[in-house]
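# Geometric and topological summary
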Amino acid sequence: MPQTSLSPPRRSGWSLVCAVLAVVRPALAGARTEAAASPAATGSTAAVPASPSAPVSTDAVERALRSGLDGAPGTTAAVVTEAGADRVLAGEAQTRPVAPASNQKLLTALSLAEHVGPYERLATRVVVGEAPGELTLVAGGDTLLAPGEGDPEQVNGRAGLGTLAQRTARALRERSPDAASGPVSVAVDTSLFTGPDTNPAWDPEDLESGEITRVAPIALYSHRVPTGDGGDPGGRGDRPGDPAGAAVAEFAHRLGEELGGTEVTVRATSRAPEDATELARVESAPVHEQSAYMLAHSDNSLAETLARVAASRSGREAGVDGVRELLPATLREHGIDTTGLRVLDASGMAAADRVTATTLAETVNSLISEPRCGPYGRGLPVAGGAGTLSERFDDPPEDPARGIARAKTGTLLDVVALTGYVQRADGRVLVYSIVLNGVSGHADEAKDRVDRTVAELARSA
């Protein structure tokens, strides 16, 4: 296949590619003895080429792609490039628009990298109202709040409403020793986000089943109901009917306890005064860590939340329309091909989303090779590691990529997708996107074919 140019050349980021790769194999240290013993497994500089000047031969890459996908169910769109470069090494229908499923979240991650500082933390604040005892809980986009104390070791639950209640009670007493003697009420300010809290492109059955839910700028455990003891319910926890309402009710309960049993009532949702005095705040994990969590767990609600935060930072409406404008605009800002692109949401839950394998691969290439993306480029999960890749690459033919490849999965009833990058034995790094549509009833077979294809790419040197 002739070498094909992708988009207009982006500025070189080879040094960043090497830095990203240094954490690829060690991420699953001990998972494979033979991998741990190799220079590449330890992140040794010997595993990374000194210069990307010598071109990768396309023949072996083409054979690997065709061998891995031979007999795959459904229709295929796939492309393989080299990290930091702008040429196609192998491909199949790579410019055909396809349903990406959760590979759509890669576009969201790039939009975050473009518009939100990686180390920015999202603050949840309490401010005083216009009347004595009136407080407002101001939502700042953190939807990973714990109901009790925050846990500095966790991304989901880094900040806690219990911690915020403690700080608020202390601040109230400092302002007045009799703070708990009069009535206390709290409202929640959700004005950070605008427009409808659900997307009209989502299937009502997905909303009913909890695959996606109402999007609010404040929520517990990524829009899920905590366990009975206040713990993280995981990805299958129940969805609250009103995420922001559940959060403010929990805060009011905690604040009442901190004020010695004072009843704290909840007022209707209202916007805090512009010049309101802040009493207390808690802050989320850095946004790049939230992005990595979103990718690893394929968290639909978190993708939609973070995309709205990015839209707000870009000056757009922090709602459905703003997100639909943001993702294509970010791609264009990075010189990424948007042929055939149709963006309806940030999570990939909209069945009518369309994107090409070329666009997906270029998005990953930007994330790992452009210096301005910084730590966002290190957020893709490891094959066979945690999250949605924990049970993938588990068969012997797939083993060459286990602990070496990083990727974002995508799975719907009719879609299996995988986009990421893999380091070969010669240290060269291949970026790939493989999307299979029309796989209903054959999803497991499709996943195996995709995983084996990545393994073939890993050993294509």
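Please refer to the structure higher up on the page.
Computed from a predicted structure; not experimentally measured. (Residues numbered from 1 in each chain as written. Predicted model: local features only at pLDDT ≥ 70, side-chain atom pairs only at ≥ 80, totals over all residues. Heavy atoms only, no water.)

### Observations concerning the overall build of the chain
When helices and strands are counted, the chain shows 12 helices and 11 strands. By the burial criterion, 57% of the 461 residues in the chain qualify as buried. Working note: accessible area of the chain is about 17,400 Å², and carbon and sulfur atoms make up 47% of it. (Helix = DSSP H or I, 4+ residues; strand = E, 2+ residues; numbered from the N terminus. Buried < 20%, exposed > 50% of the residue type's maximum accessible area, 1.4 Å probe, protein only. Areas by Shrake-Rupley, 256 points an atom, 1.4 Å probe, with all protein chains shown as cover.)

### Describing the packing of helix 4 (residues 104-115) against helix 11 (residues 357-369)
Packing of helix 4 against helix 11 brings their axes to within 10 Å, and their N-to-C directions diverge by 35°. For the pair helix 4 and helix 11, the sense of crossing is left-handed. Contacts from Leu106, Leu107, Ala109, Leu110 and Ala113 of helix 4 reach helix 11 at Leu360, Thr363, Val364, Ser366 and Leu367. Here the contact of helix 4 with helix 11 is built from residues that sort into eight nonpolar, two polar and no charged. (Axes fitted to C-alpha atoms, helices over the stretch in contact; angles between N-to-C directions. Left-handed = near helix turned anticlockwise from the far one by under 90°. Contact = heavy atoms within 4.5 Å. Nonpolar A, V, L, I, M, F, W, Y, C, P; charged D, E, K, R; others polar.)

### Focus: the sheet that holds strand 7 (residues 264-266)
Each strand in a sheet pairs with another by means of backbone hydrogen bonds, the pair being arranged parallel or else antiparallel. The five strands lie next to each other as 7-6-5-4-8, forming an open sheet whose pairing is mixed. Single-partner strands in this sheet number two, and they are strand 7 and strand 8 (278-283). Averaged over all adjacent pairs, the angle separating strand axes in this sheet is 25°, with direction ignored. Bridge count for strand 4 (residues 123-128) against strand 5 (residues 134-138) is four bridges, and the pairing is antiparallel. Paired with Val128 across the strands is Leu135, a residue of strand 5. (Pairing = 2+ DSSP bridges.)

### Focus: the pairing of strand 10 (residues 415-423)
Along strand 10, nine of the nine residues are buried, which leaves the element largely enclosed by surrounding structure. Alignment of strand 9 (residues 406-412) against strand 10, held across seven bridges, turns out to be antiparallel. Each bridged residue has a counterpart across the sheet, and for Thr409 the counterpart in strand 10 is Leu418. As consecutive antiparallel partners, strand 9 and strand 10 are separated by two residues. Across nine bridges, the pairing between strand 10 and strand 11 (residues 429-437) is antiparallel. Among the inter-strand pairings, Val422 is bridged to a residue of strand 11, identified as Leu430. Joining the antiparallel neighbours strand 10 and strand 11 is a turn of five residues, in which Gly427 adopts a positive phi near 90°.

### A short note on unusual backbone geometry
Of note in this structure, Ala93 is not a glycine but carries a positive phi near 50°. Located in the positive-phi region is Tyr221, a residue other than glycine, with phi close to 45°. Note that Tyr221 resides in the loop between helix 6 (204-209) and helix 7 (243-258). Accessibility expressed as a relative area gives 7% for Tyr221, which makes it buried.

### Let's talk about the packing of helix 9 (residues 300-313) against helix 10 (residues 320-333)
Where helix 9 meets helix 10, the axes come as close as 9 Å, and the angle between the chain directions of the two elements is 75°. In terms of orientation, helix 9 lies roughly perpendicular with respect to helix 10. Counted together, Ala307, Arg308, Ala310 and Ala311 of helix 9 and Val320, Gly322, Val323 and Leu326 of helix 10 form the full contact between these two elements. For the contact of helix 9 with helix 10, the per-class residue count stands at six nonpolar, one polar and one charged. (Parallel < 35°, antiparallel > 145°, perpendicular 65-115°, else oblique.)

Limitation: the analysis is restricted to geometry and does not speak to function.
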